[in-house]
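As a plain string of letters, each chain reads:
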Amino acid sequence: MPSAVDASMALSGYPPQYLTPTPPDSLGASTSRRPKMFRTCLAGVFVFSIALNLFYFARIPRSFYSPLDDYQHLKHYPFVNTSGIPPLSEADWRGAAVVTTLFSDSYAPAVATLGHSLRLTNTSARLIVLYLPAQVSPEALCLATATGFVPHAIARIPPPADGRGMNRHFRDQYSKLQLWTLDALPEPVTRAVYLDSDTLALQNFDELFALPYALAAVPDVSAAHGFTLAFNAGVLLLRPDSNLHDHMKDALALARFPPEFAEQAFLNQFFGADAARLPLAYNANLAVKQRAPAVWAALWPETRVLHYTVDKPFVAHDWRRVPLARVEERVRKAARARGGVFREEMLLWGRVWRDAQRVYGMRMQDCGME
Ligand SMILES: *[C@@H]1O[C@H](CO)[C@@H](O)[C@H](O)[C@H]1NC(C)=O
Ligand SMILES: *[C@@H]1O[C@H](CO)[C@@H](O)[C@H](O)[C@H]1NC(C)=O
């Protein structure tokens, strides 16, 4: 009697083994090759996609493109036309001051030289140096003020959190916030250009006093990190206002900012998006030359204020005071340092220092500073 299988074979024409269900062991053997291939493929796609991701991740720029890192000198046109600025009244000029600071004797020759350079630019503003009486000797103050700065004693503002995490060299820098109290002077300062004492004025910048901003400053730059949006606090245009000063001191206790950059980081945090950015010519920071020599070359004829950030021709490397008789030697050493990259700038400072001694020699010698 024919079986059911034979009957189905008769119907389909296939041998019976193809019609019976496959035994479990043979099923395992025939399908295991396919998932293996599938898994290999999947792993391949996975590895390829990771590699592709890594490739594109590596190509993501770490910071915004900066045109200054690919500088091309394309224009020959002045960056400021002062004829467009309404002239300040005599009363306005009485309230205008260029202000610097003196927190230790080692910066006295720098302040004296800066004062002389400012006088040479014929600025219409008063010159004021804020100093810490407990840290500055009468001899150093005498030398620093021999070329035109008028001294004004201030109280030290200590760094927040006892200066934890900050560069020791910046520990007095929060005293700069006293700039905002100068509206309380008997002859009030209503608009000020602050200059760090390691700067030199090369050209008149009186047009800054006509700007309406509460704060204006030049974007910062570093050789390693390049051109940034944060401003360098070495040159500031500001409007002294004791109320704002009180507000700043309250904010200092609350603000979050990287402590190593001291008052500069705080001021950037405090003014946030409001600070007007000025052209580099108002704070030609030596780091620009390190980062982008082409920018420096184009900037040089327009430079208003030169800022000795990377190297200073008047103090030793550990910020110790250089005796006056050895300042010239220090200048020559600074000119040779770093392969002579700042030779021209260091020698320029030396020339202004020498010229200050020529013009104010007697007054400087009478100070009795060694
Ligand atoms: C400055 O601007 C005035 C008009 O406001 C113009 O007459 C003069 O030529 C400009 N100077 C320069 C150097 O562009
Ligand atoms: C400053 O004024 C003096 C005397 O008036 C003049 O000889 C000199 O050229 C002026 N300097 C600048 C930079 O304008």
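Below, the structure is looked at part by part. Computed from a prediction, not measured in an experiment: that's the story for all the values here.

1. Remarks on the overall build of the chain
Counting secondary structure elements, the chain contains 12 helices and 10 strands. Here the C-alpha radius of gyration of the chain, 34 Å, is well above what a compact globule of 370 residues would show, namely 21 Å. Once the C-alpha set of the chain is aligned to its principal axes, its extents read approximately 140 × 45 × 45 Å. A total of 370 residues make up the chain; the buried ones form 43% of that total. Contacts in the chain between residues at least 24 apart in sequence constitute 72% of all its contacts with a sequence separation of at least 6.

2. What about the sheet that holds strand β4 (residues 191-195)?
Overall, mixed pairing links the seven strands, which are arranged β3-β2-β1-β4-β7-β6-β8 in an open sheet. The strands lining the two open edges of the sheet, one partner per strand, are β3 (150-153) and β8 (276-277). Bridge count between strand β1 (residues 96-102) and β4: four bridges; the pairing is parallel. Across the sheet, A97 pairs through a bridge with A192, a residue of β4. In the packing of helix α5 (residues 108-120) onto the sheet, the strands contacted are β1, β2 (126-131) and β4, and the crossing angle to β1 comes to about 160 degrees. Contacting β6 (215-222), β7 (226-238) and β8, helix α8 (residues 262-271) crosses the sheet at an angle of about 90 degrees to β7.

3. Overview of the pairing of β1
Burial runs high along β1: seven of the seven residues are buried. Alternating positions in β1 separate into two faces, A96, V98, T100 and L102 on one and A97, V99 and T101 on the other, with burial throughout. Relative to β2, β1 runs parallel, the two sharing six bridges. Each residue of the ladder has a partner; that of V99, found in β2, is I128.

4. A short note on the site of ligand 1
If you check the shell around ligand 1, you find Y77, N81 and S83 and nothing else. One of the side-chain N or O atoms of S83 is found 3.1 Å from an oxygen atom in ligand 1. In isolation ligand 1 exposes 360 Å². Once the protein is present, 32% of that is buried.

Rules used throughout
Residues numbered from 1 in each chain as written. Chains lettered and ligands numbered in written order. Predicted model: local features only at pLDDT ≥ 70, side-chain atom pairs only at ≥ 80, totals over all residues. Heavy atoms only, no water. Helix = DSSP H or I, 4+ residues; strand = E, 2+ residues; numbered from the N terminus. Rg over C-alpha atoms; globule rule 2.2 N^0.38 Å. Buried < 20%, exposed > 50% of the residue type's maximum accessible area, 1.4 Å probe, protein only. Contact = heavy atoms within 4.5 Å. Pairing = 2+ DSSP bridges. Axes fitted to C-alpha atoms, helices over the stretch in contact; angles between N-to-C directions. Near = heavy atom within 4 Å. Polar contact = N/O pair within 3.5 Å; in protein donor to acceptor, adjacent residues only side chain to side chain. Areas by Shrake-Rupley, 256 points an atom, 1.4 Å probe, with all protein chains shown as cover.

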